Amino acid sequence: MSLNAAKVAPEAAPGREAGQEPGPVAQGPEAGPGQDSESRPQPPAGPGSEPLPAAEPEPERVSASGPGRELELGWDAGQRAGAPPESQPLPASESENGVSERPRCHTDCLEVPLSRAFRRLGWEVGSHPPWIFLLLPMVLTAVLGAGLIHLPKEEEDLEEQYTPIGSPAKAERRFVQGHFTANESNLFSIARKSTEVSYASILVVSDTNSLLEQETLSEISEVDDAVQALTVTQAKGTQILYNEVHLKNQGYCVPSHPLLFAWKTNSVLNLKNITFPIYSLAGQVVYLANILGGTVLGESMGLSQLLLEAKAMRLQYYLKTGEGEDSERSKAWLIHFLNQVGNLEKSLALKKIQVVYFISLSKQLEFEATSMTVIPLFHLAYLLIILFAITSCYRCDCIRNKMWVAAFGVISAALAVVSGFGLMLYIGVPFVIIVANSPFLILGVGVDDMFIMISAWQKTNLMDSIKERMSNVYSEVAVSITITNILAFYTRIMTSFRKSSVPGPSFRPWVFLLQPIRS
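Residues numbered from 1 in each chain as written. Predicted model: local features only at pLDDT ≥ 70, side-chain atom pairs only at ≥ 80, totals over all residues. Heavy atoms only, no water.

### With respect to the overall build of the chain
Point 1. When helices and strands are tallied, the chain shows 16 helices and 15 strands.
Point 2. Looking at the chain as a whole, 34% of its 519 residues qualify as buried.
Point 3. With an accessible surface of roughly 31,800 Å², the chain has 59% of that area assigned to carbon and sulfur atoms. (Helix = DSSP H or I, 4+ residues; strand = E, 2+ residues; numbered from the N terminus. Buried < 20%, exposed > 50% of the residue type's maximum accessible area, 1.4 Å probe, protein only. Areas by Shrake-Rupley, 256 points an atom, 1.4 Å probe, with all protein chains shown as cover.)

Have a look at this one:
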């Protein structure tokens, strides 16, 4: 098979005649090894010897001359050159077919700018003396920490703190208050109240089968009289009596228990003729289901049943609620009641009953007490975290030892707590009781990020300069830390609950990133 020169070069070389071979061309298999001028000579075959198999011709470079261009072909190309051009077309590139590459979607539009910015920050930190970045967070903490002088002293309403601001329940309550008004000063009715009122509650439990006995009711009456006799003496010498802060109904004091009040006014009241849950007392219907417990009922009497036994009784003392002086006086009396009622059980030498008590402020006082009890634990917690961080970062190699870095990382988290709380109080963000426990959370997140940065630092090349190692660390870990805290900050400010002044980890990285990490 001969190579067609027209398939190789577009035109013949000048000065050559038609039919003349264009030059040394690699021959096909049928040409034979003798036609190849550069083939290896074959030894003559002797008599009786078998012919040796012909060596496979090596691919040779063949040039097809033409005006101004030269084409070199190998053996495989010569094989393809003999085929018709229609059977084996040359593959066309995507650009020749007019097909362009699809544009790739870039998802790092936020990460790349932040990484560059933090890389620049790390370069600046590594380029300047370390004392600048040690003093700057301390000065910033001293300035922002002065905002703690605005820490509120008064207690706050738990409903304001733990319920959504625009909840449907609050809107429905405003509707009820607008259409069903109540005059608490003279016509108090607990059934018409749509909000909580200030109250003191005493739960009396009988040691016998029933408290509907004369001796048991006598001890309950003593407890009731002792409670109503409590007097609060304020710092200025003024006294707050129960008769001054209790609520009234039609000019009379609301009784702590209607059945006990009926027995005290009428000592010969027939206790065997009481019906439950509805009882007619002096022409007024009294509902006993929420003020008597452990009941044993007898035969039916109309809509109710005869009350045979009652194990427990609840005494309710309702006080004035609202804004202004009355609310403060009621609150002072309730706190005095909470402090003194425990001594009443001992002073009265009660034998037939047991007393349990609470007030409307009990939940709030417990929240405040819990928050205050954790404050002494701050010092111990920070000390333990510092010891743990130092132990985790200790290395026998003095170059890779990061004990001081761990200590300053924990101190940085503490500075962030003070700075964050001070800043929030400066700008008027209300303080919520539950955020008093947040320093432990901030400490945990800060120490976690510190370990991440130390791990990234130890992966850097020891032969690089401080500037290069700092920039690499910041560009690698600061982006994830910042994005996480931005999302946390956005989630907190978009909540429908009352905004709290907890800075959380959102403020912490800006102080932490200023701390230099040096080997």
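### A look at the nonpolar core
Point 1. Formed by 45 residues in total, the largest nonpolar core has its most connected members in I202, I220, W333 and F337.
Point 2. For this core, the secondary-structure elements that each account for two or more residues are β3 (199-206), α7 (214-228), α8 (242-245), α9 (258-265), β9 (278-281), β14 (312-318), α10 (325-348) and β15 (353-359).
Point 3. Sequence-distant contacts of F337, that is, excluding residues within four places in its chain, are made with A200, I202, V227, L230, Y357, F358 and I359.
Point 4. Grouped together as the second largest cluster of nonpolar side chains are 18 residues, A389, V405, I442 and L443 included. (Core = buried A, V, L, I, M, F, W, Y, C linked by side-chain atoms within 4.5 Å. Contact = heavy atoms within 4.5 Å.)

### A look at the confidence of the model for the chain
Point 1. Overall, the prediction assigns the chain a mean pLDDT of 75, with 72% of residues at 70 or greater.
Point 2. In this model residues 504-519 is a low-confidence stretch, pLDDT under 50, and it forms 67 contacts with partners more than four residues away in sequence or in other chains. (pLDDT = per-residue confidence, 0-100.)

### As for the packing of helix α3 (residues 111-127) against helix α15 (residues 466-493)
Point 1. Two elements in contact, α3 and α15, have axes whose closest approach is 7 Å; the angle formed by their N-to-C orientations is 140°. Taken together, the axis directions place α3 and α15 in an arrangement best described as oblique. Pair α3 / α15 crosses with right-handed handedness. Residues E111, L114, S115, F118, R119, L121, G122, W123, V125, G126 and S127 of α3 form the contact with α15, whose participating residues are I466, K467, E468, M470, S471, N472, Y474, S475, A478, V479, T482 and I483.
Point 2. Per-class residue counts for the contact of α3 with α15 are 11 nonpolar, 8 polar and 4 charged. (Axes fitted to C-alpha atoms, helices over the stretch in contact; angles between N-to-C directions. Parallel < 35°, antiparallel > 145°, perpendicular 65-115°, else oblique. Left-handed = near helix turned anticlockwise from the far one by under 90°. Nonpolar A, V, L, I, M, F, W, Y, C, P; charged D, E, K, R; others polar.)

### Here's the deal with α9
Point 1. Restricting attention to buried positions, one finds in α9 the residues L259, L260, A262 and W263. Within α9, the buried residues cover an arc of 160° as seen down the axis, which keeps them to one side.
Point 2. Elements that come into contact with the buried residues of α9 comprise α7, β9, β11 (292-293) and β14. (Arc of directions from axis to C-beta.)

### A short note on a nonpolar patch on the surface
Point 1. Taken together, the side chains of W131, I132, L135, M138, V139 and V143 define a hydrophobic patch exposed on the protein surface, amounting to about 570 Å² of accessible area.
Point 2. Positionally, W131 belongs in helix α4 (residues 130-145).
Point 3. Overall, the relative accessible area of 52% leaves W131 in the exposed class. (Patch = residues over 30% accessible without salt bridge, like charges linked within 9 Å, V, L, I, M, F, W, Y side chains within 5 Å. Salt bridge = Lys/Arg side-chain N within 4 Å of Asp/Glu carboxyl O.)

### Here we look at the UniProt feature "transmembrane region" (unreviewed entry) in the chain
Point 1. On the UniProt side, "transmembrane region" (unreviewed entry) is annotated at positions that read residues 369-391, 403-425, 431-452 and 473-493 here.
Point 2. Helix makes up 68% of residues 431-452 and strand 0%, and the two end C-alpha atoms of the span are 31 Å apart. (UniProt positions renumbered as here; feature names shortened; annotations may be inferred.)

### Quick look at the pairing of strand β12 (residues 296-301)
Point 1. Here β12 runs beside strand β13 (residues 304-309); their pairing, made up of 4 bridges, is antiparallel. Paired with S300 across the bridge in β13 is Q305.
Point 2. Following β12, the chain reverses through 2 residues before pairing antiparallel with β13; G302 in that reversal takes a positive phi of roughly 75°. (Pairing = 2+ DSSP bridges.)

### Some remarks on the sheet that holds β15
Point 1. Overall, antiparallel pairing links the 4 strands, which are arranged β11-β14-β3-β15 in an open sheet. The sheet terminates laterally at β11 and β15, the two strands that pair on one side only.
Point 2. Both β11 and β14 contribute to a ladder of 2 bridges, which runs antiparallel. Bridge pairing in β14 links L292 to M313.

### Observations regarding the pattern of salt bridges
Point 1. Counted by the stated rule, this structure contains 5 salt bridges.
Point 2. Among the salt bridges present, the one from D224 reaches K264, with a minimum N-O distance of 3.0 Å. Of this pair, D224 sits in helix α7 while K264 sits in helix α9, and the two are 40 residues apart along the sequence.
Point 3. You can call D224 buried: its relative accessible area is 2%.
Point 4. Classification of K264 as partly exposed rests on a relative accessible area of 34%.
Point 5. In this structure, the salt-bridge partner of R329 is E244, at a minimum N-O distance of 2.4 Å. On the criterion of sequence distance, the pair formed by R329 in helix α10 and E244 in helix α8 is long-range, its members being 85 residues apart.
Point 6. Here R329 falls in the buried class, since its relative accessible area comes to 17%.
Point 7. Each of D224, D225 and K264 takes part in one network of salt bridges that share partners.

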